[in-house]
Amino acid sequence: VFDLQDLELTYAPPFGSAKDVINMAGFVASNHLKGDTLLCHVAEVEARNSHQQVVDVRNGPELDKLGRIPGAIHIPLDELRSRLHELPKEKELLISCQVGLRGHVACRLLSQHGFKVKNLSGGFKTWQMATAE
């Protein structure tokens, strides 16, 4: 896993990005293994208890267009630092964004401010697919 994040792959803008999807998978896995980012999955979000709160860090237009997880607090990532006082410090926060990247950033910010957090693996897209009827 740790080798994947540093793997040198072909870089050519029309064919491959500077950080390939393989590198990104290595970053996610190594962050989890090192404990830098705790992950949660759709089943945990669906079975959340009174000591947990979902926080959606997507932008407003994304929620309006794509939907939201029922019961989630909405605070866009760009506003998170200035709105920390709105979040319950006594609860574990399950962070959701569109696919997980902004959730990771939010988790790092929140954990540095003393919140207990987990990032929803795959974000809203994964939750939406897993709960579709």
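Just above, that's the structure.
Read on for a plain summary of the structure. (Residues numbered from 1 in each chain as written. Predicted model: local features only at pLDDT ≥ 70, side-chain atom pairs only at ≥ 80, totals over all residues. Heavy atoms only, no water.)

### Details of the packing of aromatic side chains
- Tallying each qualifying case throughout the model produces one aromatic pair.
- Here arginine 58 stacks its cationic end above the ring of phenylalanine 124, 4.1 Å away from the centre of that ring.
- The lysine or arginine in question, lysine 89, covers the ring of phenylalanine 115, its NZ or CZ lying 4.9 Å from the ring centre. (Phe/Tyr/Trp six-rings, centres within 6.5 Å; stacked < 30°, edge-to-face > 60°. Lys NZ or Arg CZ within 6 Å of the ring centre and 35° of its normal.)

### A few points about a nonpolar patch on the surface
- A cluster of nonpolar side chains, contributed by Leu4, Leu7, Leu9, Val21 and Ile22, occupies part of the molecular surface with about 400 Å² of accessible area.
- Tracing the backbone through its elements, the reader meets leucine 4 in helix α1 (residues 2-6). (Patch = residues over 30% accessible without salt bridge, like charges linked within 9 Å, V, L, I, M, F, W, Y side chains within 5 Å. Areas by Shrake-Rupley, 256 points an atom, 1.4 Å probe, with all protein chains shown as cover. Salt bridge = Lys/Arg side-chain N within 4 Å of Asp/Glu carboxyl O. Helix = DSSP H or I, 4+ residues; strand = E, 2+ residues; numbered from the N terminus.)

### Some words on the side chain of serine 30
- Looking at the element boundaries, serine 30 is found in helix α2 (residues 21-34).
- A polar contact of 3.2 Å, which involves the side chain of serine 30, links it to the backbone oxygen of phenylalanine 27.
- If we ignore the near neighbours within four places in the chain, the residues touching serine 30 are Val1, Phe2 and Gln5. (Polar contact = N/O pair within 3.5 Å; in protein donor to acceptor, adjacent residues only side chain to side chain. Contact = heavy atoms within 4.5 Å.)

### A look at the pattern of salt bridges
- Summed over the entire model, instances satisfying the criterion amount to seven salt bridges.
- Between arginine 58 and aspartate 56 there is a salt bridge; the shortest N-O distance is 2.7 Å.
- A residue is classified by how much of its surface remains accessible, and aspartate 56, at 1% relative accessible area, is buried.
- Here the salt bridges do not stand alone but share partners, grouping Glu44, Glu92 and Lys118 into one network. (Buried < 20%, exposed > 50% of the residue type's maximum accessible area, 1.4 Å probe, protein only.)

### Side note on the state of the cysteines
- In this structure the tally under the stated criterion is zero disulfides.
- Here cysteine 97 is not disulfide-linked; the sulfur of cysteine 107 is the nearest cysteine sulfur, at 8.9 Å.
- Given a relative accessible area of 1%, cysteine 97 falls into the buried group.
- Here cysteine 107 stays free of any disulfide, with the sulfur of cysteine 40 as its closest cysteine sulfur at 7.9 Å. (Disulfide = S-S within 2.5 Å.)

### Side note on the nonpolar core
- With 16 residues, the main nonpolar core has Val57, Leu80, Leu87, Leu93, Ile95 and Leu110 as its most contacted residues.
- Broken down by secondary-structure element, the contributors of at least two residues to this core are α5 (77-80), β4 (92-96) and α6 (101-111).
- By residue number, the principal contributor to this core is α6, which donates four residues. (Core = buried A, V, L, I, M, F, W, Y, C linked by side-chain atoms within 4.5 Å.)

### Comments concerning the side chain of asparagine 119
- Note that asparagine 119 resides in strand β5 (residues 116-120).
- Accessibility expressed as a relative area gives 5% for asparagine 119, which makes it buried.
- Not counting the four nearest positions on each side in its chain, asparagine 119 is found in contact with Thr37, Leu38, Leu39, Cys40, Ile95, Gly100, Gly103, His104 and Cys107.

Just geometry here; none of it tells us what the structure is for.
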